[in-house]
Amino acid sequence: YGGMGLDFSYNIAVAEELGNIRCGGIPMAIGVQAGMTTPALTRFGSDELKKQFLVPTIAGDLVACLGISEAGAGSDVANIKTTAVKKGDEYVINGGKMWTTSGCQADWMCLLANTSEGPPHRNKSLICLPMNLPGIHVAKKIDKLGMRSSDTAQIFFEDVRVPSKNLIGEEGKGFTYQMLQFQEERLWAVATVLTPLETIIQETIDYTRQRKVFDQSVLHNQAVHFRLAELATEVELLRSLLYRTVALYVEGNDTTKFASMAKLKAGRLAREVTDSCLQFWGGMGFTSEVLVSRFYRDLRLMSIGGGTDETMLSIICKYMETLPTK
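All of these numbers come straight from a predicted model, not from anything done at the bench.

Student: Summarise the overall build of the protein; cite the residues concerned and give the values.
Tutor: Secondary structure assignment for the protein yields 9 helices and 10 strands. For the protein, the C-alpha radius of gyration of 21 Å lies close to 20 Å, the compact-globule estimate for 326 residues. Seen through its principal axes, the protein has C-alpha atoms that stretch 80 × 50 × 40 Å. Looking at the protein residue by residue over its 326 residues, the buried ones come to 50%. Taking all contacts inside the protein whose residues are at least 6 apart in sequence as the whole, residues at least 24 apart take part in 74%. Carbon and sulfur atoms make up 55% of the accessible area of the protein, which amounts to about 15,700 Å² in all.

Right, here's the structure in full:
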């Protein structure tokens, strides 16, 4: 279908390299295209669907977005209200999506919707939804604290008709498919923050070395260079956890626990590094002229998007409860 046939570790290598871009919005948009909207289609979609949506998405001819979160259901995916009711050979879609990255410019959406009245984990399906259909209303581009270069939309559906053949895989399996997509999304997100965190630490070292306070450089203070050494160590530990998780994932293991741990740690460490380093920049850190202030805003999303810290903790706890007791 136009891809290179490489394993998932190459996605992570690309994600890590994209961290050299000096903002968070662009790597996130590429991540949505490469690792969030397409894994389920790749694994479970029909050949016809792959030719229609996956091939041009891989080629970069179509922009894809992911329709999961809603105003009342972010990390709580099971609580979404959007419906896709089957009528003849079509689904009729009503509802809305929120926080949709690339939503204003997307050509198609990987949509999660309720397709039956059954239990919340077994009544959902993923559907390839062309964004030019009648009844799709892109309400607005959302104004955000960070990731300001990212196109983030609120979208409504009013009696949108889509062919039933646009269903990805089996009806009622959408929640399961989406949970699998989330693992790749979370690992991609972790990989994209490693390089920015290293960059922020290095730029802070350079700045505090030349910034003088009370006739000596800020870096000369033991508290400052010890703190920067601690943060650099934490970044390397996160990298090790990521690489271990990716290696297990490539081998076909269930990495839900480790991916959740990595996502949790990445979100918290992004806040810790940017906050600590911004403090060492003093007044300059509070301006829009320096990179640390941008990443202070952009990387705050790590603890919210793709599952909050609290959601990650809940997942980790569930997996810990399955461990044998001593």
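Student: So what's going on with the domain arrangement of the protein? Residues and values would help.
Tutor: Size of an interface: often given as the accessible area lost when the parts come together. In terms of domain boundaries, the protein breaks down into domain 1 (37-171) and domain 2 (176-320). Taking the mean C-alpha position of each, domain 1 and domain 2 sit 30 Å from one another. Both faces considered, domain 1 and domain 2 share a buried interface measuring about 1,400 Å² in area, 63% of it formed by carbon and sulfur atoms. Of all residues in domain 1, Arg43, Ser75 and Met147 bury the most surface against domain 2, accounting for 34% of the area lost on that side. One can count 1 salt bridge joining domain 1 with domain 2. In this assembly, domain 1 and domain 2 are joined by 6 residue pairs in polar contact (both at pLDDT 80 or more). It is helix H3 (residues 39-44) that provides the largest number of residues to the side of domain 1 that touches domain 2, a total of 4 residues.

Student: Tell me what's going on with the UniProt feature "domain: Acyl-CoA dehydrogenase/oxidase C-terminal" (unreviewed entry) in the protein, and back it up with residues and numbers.
Tutor: As recorded in UniProt, the feature "domain: Acyl-CoA dehydrogenase/oxidase C-terminal" (unreviewed entry) lies at residues 172-318. Secondary structure within residues 172-318 divides into 74% helix and 3% strand; the distance between the first and last C-alpha atoms comes to 23 Å.

Student: Which residues make up the pairing of strand S3 (residues 90-101), and what values do they have?
Tutor: Note that strand S2 (residues 83-87) and S3 share 5 bridges and pair antiparallel. The partner of Val85 across the bridge, within S3, is Val92. With 9 bridges connecting them, S3 and strand S7 (residues 152-163) associate as antiparallel partners. Among the inter-strand pairings, Gly95 is bridged to a residue of S7, identified as Phe157.

Rules and cut-offs
- Residues numbered from 1 in each chain as written.
- Predicted model: local features only at pLDDT ≥ 70, side-chain atom pairs only at ≥ 80, totals over all residues.
- Heavy atoms only, no water.
- Helix = DSSP H or I, 4+ residues; strand = E, 2+ residues; numbered from the N terminus.
- Rg over C-alpha atoms; globule rule 2.2 N^0.38 Å.
- Buried < 20%, exposed > 50% of the residue type's maximum accessible area, 1.4 Å probe, protein only.
- Contact = heavy atoms within 4.5 Å.
- Areas by Shrake-Rupley, 256 points an atom, 1.4 Å probe, with all protein chains shown as cover.
- Domains from an automatic or database assignment.
- Buried area = accessible area lost by both parts, 1.4 Å probe.
- Salt bridge = Lys/Arg side-chain N within 4 Å of Asp/Glu carboxyl O.
- Polar contact = N/O pair within 3.5 Å; in protein donor to acceptor, adjacent residues only side chain to side chain.
- UniProt positions renumbered as here; feature names shortened; annotations may be inferred.
- Pairing = 2+ DSSP bridges.

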